[in-house]
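Chain by chain, the residues run as shown.
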Amino acid sequence: MHLPWRQKQQASEDASPPSEQRGLGARWSKDALKTRVATVQANAKRTLEEYNVNVQHRLRAKAYELASRPVAYLVLSGFFLGSVSTLGATFVYRRYFRRLRTAEWVTPDVLQRKRWVRGVVTSVGDADNFRLYHTPGLGWRWPLKFRRVPILSKELKEQTIHIRIAGVDAPEGSHFGRQAQPYAVEALAWLKDMIEGRIVYCQLVRRDQYSRIVSVVTLPPPLLPGWLTTGRSLALEMIRAGTGLTYEQAGAEYGKYGKDEFLRAEAESRVARRGMWKHGTVGETPAQYKRRYAQSGADVEAQAQENLKEGGPRGILKRLWPQNS
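Reading the values: the criteria
Counting restarts for each chain, with residues numbered from 1 along the sequence as it is written. Restriction of local features to residues with pLDDT of at least 70 applies here, the model being predicted, together with a cutoff of 80 or more for giving and counting side-chain atom pairs; totals for whole chains, interfaces and linings are based on all residues. The side-chain quantities take in all heavy atoms of the structure and omit both hydrogens and water. Under the DSSP-based scheme used, a helix requires at least four consecutive residues in state H or I and a strand at least two consecutive residues in state E, with every element numbered from the N terminus. What makes two residues a contact is simply this: any of their non-hydrogen atoms within 4.5 Å. Surface accessibility follows the Shrake-Rupley procedure with a 1.4 Å probe radius. Residue values consider only the protein chains on display as shielding. Helices are assigned an expected span. That span is 1.5 Å times one less than the residue count. Burial classes follow relative accessibility: with a 1.4 Å probe on protein chains only, a residue under 20% of its type's maximum area counts as buried, one over 50% as exposed, and anything between as partly exposed. What the arc measures is the spread of directions leading from the helix axis to the C-beta atoms. In the sections that follow, a salt bridge refers to a side-chain nitrogen of Lys or Arg positioned within 4 Å of a carboxyl oxygen of Asp or Glu. Axis definition: a line fitted to C-alpha atoms, over the contacting stretch in the case of helices. Angles run 0 to 180 degrees between N-to-C directions. Here roughly perpendicular refers to angles of 65 to 115 degrees, roughly parallel to angles under 35, roughly antiparallel to angles over 145, and oblique to all remaining angles. Handedness of a crossing is defined here by the sense of rotation of the near helix relative to the far one, left-handed for an anticlockwise turn of less than a right angle and right-handed for a clockwise turn. Three categories are distinguished: nonpolar for Ala, Val, Leu, Ile, Met, Phe, Trp, Tyr, Cys and Pro, charged for Asp, Glu, Lys and Arg, and polar for the others, with Gly belonging to the last. Patches here: salt-bridge-free residues with over 30% relative accessible area, like charges joined within 9 Å, nonpolar side chains (Val, Leu, Ile, Met, Phe, Trp, Tyr) joined within 5 Å.

### Observations concerning the overall build of the protein
The helix and strand tally for the protein stands at 10 helices and seven strands. Taking all contacts inside the protein whose residues are at least 6 apart in sequence as the whole, residues at least 24 apart take part in 64%. Within the structure as shown, the protein displays about 22800 Å² of accessible surface, and the carbon and sulfur contribution to it stands at 58%.

Here's what the structure looks like:
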């Protein structure tokens, strides 16, 4: 028997499954996403473990390879590394810590680099040269003093560099029976009072005909350390005080100041009548003095050679049989 109300209820029951199917599909999508994420994580973890195992295998293989190398190869590698270290230490020692004992220790490469050295002036022999005791590296001054500068003459023998001050020419003292130039004694006393027993910095430039090392000499800076900046030029201070003239011969060195600065200082000293300029003029410059005695020395040597010839057999024959007889 057909009842209308049963038809409506059946229709409503038939219409409900699609919503339930949609909810079931959503639940299946979330489960699939979770499964997918878990799978990716598992694969990444497995890949990472495989990579770690691979790295460990490589390290073991490298260690085995190193351990299986010949002993001679390892010894050769150690010798090479030791040689490089020794050469580096030797270079640092020679460049910064080796003491230059005498002028003979100043090699051509040192002069080519125009190396700066620090030292203590042990004696002043003339008004434009002195003896320098080289004090490289550390340990010469407090609070790290463990090295000392000798005082006795026997300790200083063959231990100092003979320095010729570059850019200045001082009055010549009395040597080999020659008469000293005017103001030579005062110039020597001024230089001794200025540098003897004190630290100076020298830029080694060249070797002169007397085996002295011509150097640009500077005094210690008043505040900053000497390796950071330079102090006053000793040659310029001498010229300003009137104890020397500008050296204008061949090969003259003036450092960073240049010849013009030296000539300007000399002109100022002459105008102010300082030192050797107290009378307003200089009768004979040190260069003229040296040329005069060099010429007289050559004449004396020529006369001695002539006397030697006259004293030989030929001279005796000439005296026995004169040419005008």
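### Focus: helix α6 (residues 184-195)
Taking 1.5 Å of rise per residue, the 12 residues of α6 would be expected to cover 16 Å, and the 17 Å separating its terminal C-alpha atoms lies within 8% of that figure. By the burial criterion, the buried members of α6 are Ala184, Ala187, Leu191, Met194 and Ile195. Taken down its axis, α6 places every buried residue within 95° of arc, on the same side. Opposite the buried face of α6, at more than 90 degrees from it, the exposed residues are Val185 and Asp193. The inward-facing, buried residues of α6 abut β1 (116-126), β2 (129-134), β3 (161-165), β5 (199-207) and α7 (234-241). Following α6 by one or two positions, Gly197 has its phi on the positive side, about 80°.

### Examining the pattern of salt bridges
This model, assessed by the stated rule, comprises 14 salt bridges. Of the charged contacts in the structure, one is a salt bridge between Asp128 and Arg164, with a shortest N-O distance of 3.6 Å. Residue Asp128 is located in the loop between β1 and β2, and its partner Arg164 is located in strand β3; the two are separated by 36 residues in the primary sequence. Like Arg164, Asp128 is buried. For the salt bridge of Arg232 with Glu237, the shortest nitrogen-to-oxygen distance reads 3.6 Å. Exposure remark for Arg232: the relative accessible area of 46% places this residue in the partly exposed category.

### Looking at the packing of α6 against α7
Contact geometry of α6 with α7 gives a least axis separation of 12 Å together with a crossing angle of 140°. As the angle between them shows, α6 and α7 are arranged oblique. In this structure, α6 crosses over α7, and the sense of that crossing is right-handed. On α7, the residues that touch Trp190, Leu191, Met194 and Ile195 of α6 are Leu234, Glu237, Met238 and Ala241. Grouping the amino acids of the contact of α6 with α7 by side-chain chemistry returns seven nonpolar, no polar and one charged.

### Describing the environment of Val117
The residue Val117 is located in strand β1 in this model. Judged by its relative accessible area of 3%, Val117 is buried. As for Val117 and Gln203, which are separated by 86 residues in sequence, their C-alpha atoms are 6.4 Å apart. When near neighbours in sequence (up to four residues on either side) are disregarded, Val117 contacts Leu100, Leu132, His134, Val200, Tyr201, Cys202 and Leu204.

### Points about a nonpolar patch on the surface
A surface patch of nonpolar side chains, about 320 Å² in accessible area, is lined by Phe80, Leu81 and Val84. Using a relative accessible area of 44% as the deciding quantity, one classes Val84 as partly exposed.

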